[in-house]
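Breakdown of the fold
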Amino acid sequence: MQLTIQEVEHIAELAKLDLSDEEKELFREQLSSILDYAAMLQGVETGDIPPTASVLPERSVLRQDVVQEPLKPETVLQNVFAAHQKEQQFKVPLVMGNGQ
Amino acid sequence: MSSLTDLSATQALHLLQEGEISSLELTQAYLDRIQQLEPQIEAFITLTPELALEQAKSADRLRKNNTKEDLPALLGLPIAVKDVLALADVRCTCGSHMLENFIPPYTATSVQRLVHAGVVVLGKTNTDEFAMGSSTENSAYQTTHNPWNLDHVPGGSSGGSAAAVSAGMAPIALGSDTGGSVRQPASFCGVTGLKPTYGRVSRFGLIAYGSSLDSVGLFSHSAADLALIFEHIAGLDPRDATSMDMPVPLIDLDTNSDLSGVRIGVPKEYFITGIQAEVEQKVLAAIQQFKALGAKIVEISLPHTEYALPVYYLIATAEASANLARFDGVRFGYSAEAASLWERFKQSRGTGFGPEVKRRIMLGTYALSAGYYDAYYGQAQKVRTLIKRDFEQAFEQVDAIATPVAPTTAFKIGEHSNDPLAMYLEDIFTLPTNLAGVPGLAFPVGFDQQGLPIGMQFMGPHFKEEVLIKLVHAYQNTTDWHHLKPDI
């Protein structure tokens, strides 16, 4: 199967990846060829076979609800650019609307 | 004794315990060896000599002031750590520009347990970006060179750890294995490498790639050295809900190599057209050696083997696309200046990630997207069940399964750079293990005509690492391949 550039752009939008025109063309070719290879799975009879999400036995993992020492705010922010934090908070561009 | 860095971990630990050498001498010998070889090998992204010397001095003080019984088991033994495992206050890059300046605030459980057992950390080793690759060529920093031939790759993604142990720059190294990333580089570099059962070793602090497949693993020169370290990293961790509360055996290795009563399965699907002839010959010769030691060799079938590659590349990339969504340029990692939040996400990720990571995020996003989920991701999960059942049925007949680790020996740097599918095919013999969650152990069984190492793999039932380690120990008691070291 051959992906189109529009399909590649749609996937990149879902994945929130800024791609150059060269990358879009390269990924269009490479993903098409990988998906062609993966098409062999379509021929496998899996009618009543359950999916495996984890190889571990299904079980519930619980712990005591005990308050633990959290990371210090300055530790949490130690990997954030100075310009992207303010008063011990993460600073991001406007998310919704125009601020009015 | 020619040099301290020629000692096995077991020998070095013995000399430390007897007071014949100090941890400071041993650590300094490794740091000197690293300084001498690193320009050629490029195994490390970050070296931690100050931390190592401080830990070594502290280990020596502790040993001087306490009786043997009260000392941590691995006190003073140096190790290297793959740069996808967090060590508090030491940068952790994952081989990516995205995390070029990332300083983790905590330490991975596997690393913490070894530190608690007294080890000395020499540095953080090179990896394909976010552990995605089979050669370390996808690292944003450097390509590690194979110590047996510098023009060849060390394998990957844990190629830095494998090369470091192979070249005598560390006696033990931690790695991670999502589709073969410990076993394939172990094979390419002629060392012994263990991928434990999924759930055996905590993944806490291992920066996630494919969460249902990721395992923390080990490199060393022998099964005996693996046995020494393994018990210290294994076991339940409340911080990883997928770690299992299973008893961790203290592996007692006697020198008796009689394998009478052991059944070894040889699956015909792993000896196929396209495999390098010397690889097949050496692996079959090693299987004959196990037969000579008394093991019964049984031909078996794992009929869904050919589907493992597409299943893996749909499931691993789907999980990666979700796991790597956390790199949004807000809380950590590279952050672009942009006018809107969506633009900041896209530009931070577009610039911070390298080509292979973007390719896998794209593939995984596609496999999970509306209209394609059932056909790709859903179908891959069902075929994964069939692959897992293949192993369950095989382990009703045999105790372990013997195969090659990879279809070829180490390829040349650049050989597969432009063909992702050809690179993915290097992993066909290691991927099924991760899909089934079973343990795998790679060890050297000879060389090809170019002088490059050939590796064999044992796979075993869930939580039966001990069986694999004992089998390989019996082989290594009666052969010398694991003693041979590159001439560098």
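Throughout what follows, the structure given in this document is the object of discussion. Sequence positions are assigned chain by chain, starting from 1 and proceeding in written order. All chains are assigned letters beginning at A, and all ligands numbers beginning at 1, according to the order in which they are written. In view of the model being predicted, local features appear only for residues whose pLDDT reaches at least 70, and side-chain atom pairs are presented and counted only at 80 or more, with totals across whole chains, interfaces and linings using the full set of residues.

The next thing to look at is the overall build of chain A. The way it works is that DSSP assigns letters per residue, a run of H or I at least four long becomes a helix, a run of E at least two long becomes a strand, and they are numbered from the N terminus. Scanning chain A from N- to C-terminus turns up 3 helices and 2 strands. Each helix (α) and strand (β) of chain A, taken in turn from the N terminus, gives the series α-α-α-β-β. Restricting the calculation to C-alpha atoms gives the radius of gyration, and the globule rule supplies 2.2 Å times the number of residues raised to the power 0.38. In summary, chain A has a C-alpha radius of gyration of 23 Å against a globular reference of 13 Å for 100 residues, an excess of more than 25%. If one aligns the C-alpha atoms of chain A with their principal axes, the spans along those axes are about 55 × 45 × 30 Å. The exposure label follows from counting other C-beta atoms within 10 Å of a residue's C-beta, where the C-beta atoms are placed from the backbone and the thresholds are 20 or more for buried and 12 or fewer for exposed, leaving partly exposed in between. For chain A, with 100 residues in total, the buried portion stands at 15%.

Right, let's talk about unusual backbone geometry for a bit. Ser-157 of chain B follows Gly-156 of chain B through a cis peptide bond whose omega is 10 degrees. The topology assignment puts Ser-157 of chain B in the loop between β3 (120-125) and α5 (159-166). With a phi close to 55 degrees, Lys-16 of chain A is a non-glycine residue in the positive phi region. Note that Lys-16 of chain A resides in the loop between α1 (5-15) and α2 (21-38). The phi angle at Gln-88 of chain A is positive, at roughly 60 degrees, despite the residue not being glycine. Position of Gln-88 of chain A among the secondary structure elements: in the loop between β1 (85-86) and β2 (89-90).

Quick look at the nonpolar core now. It is characteristic of soluble globular proteins that their nonpolar side chains tend to be buried jointly. All names here are of chain B. For our purposes the nonpolar core covers buried Ala, Val, Leu, Ile, Met, Phe, Trp, Tyr and Cys residues that link as a set through C-beta atoms within 7 Å. Core analysis: the largest hydrophobic core is formed by 166 residues, its most contacted members being Leu-77, Ile-79, Leu-122, Ala-170, Val-311 and Leu-314. It is helix α9 (residues 308-323) that provides the largest number of residues to this core, a total of 10 residues. Once you skip the residues sitting within four places of it in the chain, Ile-79 turns out to touch Leu-114, Val-119, Val-121, Leu-122, Ala-170, Ile-172, Ala-173 and Leu-174. We call two residues in contact when their backbone-placed C-beta atoms lie within 7 Å.

Moving on, we come to the pairing of strand β10 (residues 440-447) of chain B. Residues and elements named next belong to chain B. Burial runs high along β10: 7 of the 8 residues are buried. For two strands to count as paired, DSSP must find a minimum of two bridges between them. Relative to β10, strand β5 (residues 192-195) runs antiparallel, the two being bridged by 3 bridges. Note that in β10 the partner of Gly-193 across the bridge is Ala-442. Pairing of β10 with strand β11 (residues 453-459) involves 7 bridges; the strand directions are antiparallel. Pairing of Ala-442 across the sheet is with Gln-457, part of β11. Hairpin connection, β10 to β11: the antiparallel pair is bridged by 5 residues, and Gly-451 has positive phi, about 85 degrees.

Pairing between sheet strands relies on hydrogen bonds along the backbone, with the strands arranged either parallel or antiparallel. Residue and element names in this part refer to chain B. The sheet built from 11 strands is open, its strands ordered β1-β3-β2-β4-β6-β5-β10-β11-β9-β7-β8 with mixed pairing. Lying at the two open borders of the sheet, with one neighbouring strand each, are β1 (44-47) and β8 (296-300). The sheet shows a mean angle of 30 degrees between the axes of neighbouring strands, taken without regard to direction. As defined by bridge partners, strand β7 (residues 263-267) adjoins strand β9 (residues 400-404) across 2 bridges and the pair is classed as parallel. Its bridge partner lying in β9, Ile-264 is registered against Ala-400. The axes are straight lines fitted to the C-alpha atoms, using for helices just the contacting stretch, and the angles between their N-to-C directions are given from 0 to 180°.

Once that is clear, we can look at the pairing of β5 of chain B. For a regular strand, side-chain orientation follows a simple rule: the groups alternate between the two sheet faces. Residue and element names in this part refer to chain B. Burial along β5 is two-sided: the residues Thr-192 and Leu-194 and Gly-193 and Lys-195 are all buried. Sheet topology note: the β5/strand β6 (residues 215-220) ladder contains 3 bridges and is antiparallel. When the sheet's bridge partners are listed, Gly-193 is paired in β6 with Phe-219.

All names here are of chain B. It is at 8 Å that the axes of helix α2 (residues 23-41) and helix α3 (residues 49-65) come closest, and there the two elements cross at 160 degrees. Our classification of the angle between α2 and α3 gives roughly antiparallel. Here the hand of the crossing between α2 and α3 comes out right-handed. Here α2 contributes Ser-23, Leu-24, Thr-27 and Leu-31 to the contact with α3, which in turn contributes Pro-49, Ala-52, Leu-53, Ala-56, Lys-57, Ala-59 and Asp-60. For this classification, Asp, Glu, Lys and Arg are treated as charged, while Ala, Val, Leu, Ile, Met, Phe, Trp, Tyr, Cys and Pro are nonpolar and the rest, including Gly, are polar. Here the contact of α2 with α3 is built from residues that sort into 7 nonpolar, 2 polar and 2 charged. Roughly parallel refers to an angle under 35 degrees, roughly antiparallel to one over 145, roughly perpendicular to one between 65 and 115, and oblique to any angle outside these ranges. Crossing handedness is read from the near helix: turned anticlockwise from the far helix by less than a right angle, it gives a left-handed crossing, and turned clockwise, a right-handed one.

Now for the interface of chain B and chain A. Counting residues at the interface gives 54 residues for chain B, matched by 42 residues for chain A. Considering every element that reaches the side of chain B that touches chain A, the biggest residue donor is helix α12 (residues 374-397) of chain B, with 12 residues. When grouped by side-chain class, the residues that make up the side of chain B that touches chain A number 30 nonpolar, 15 polar and 9 charged.

Honestly, it's all geometry; don't read function into it.
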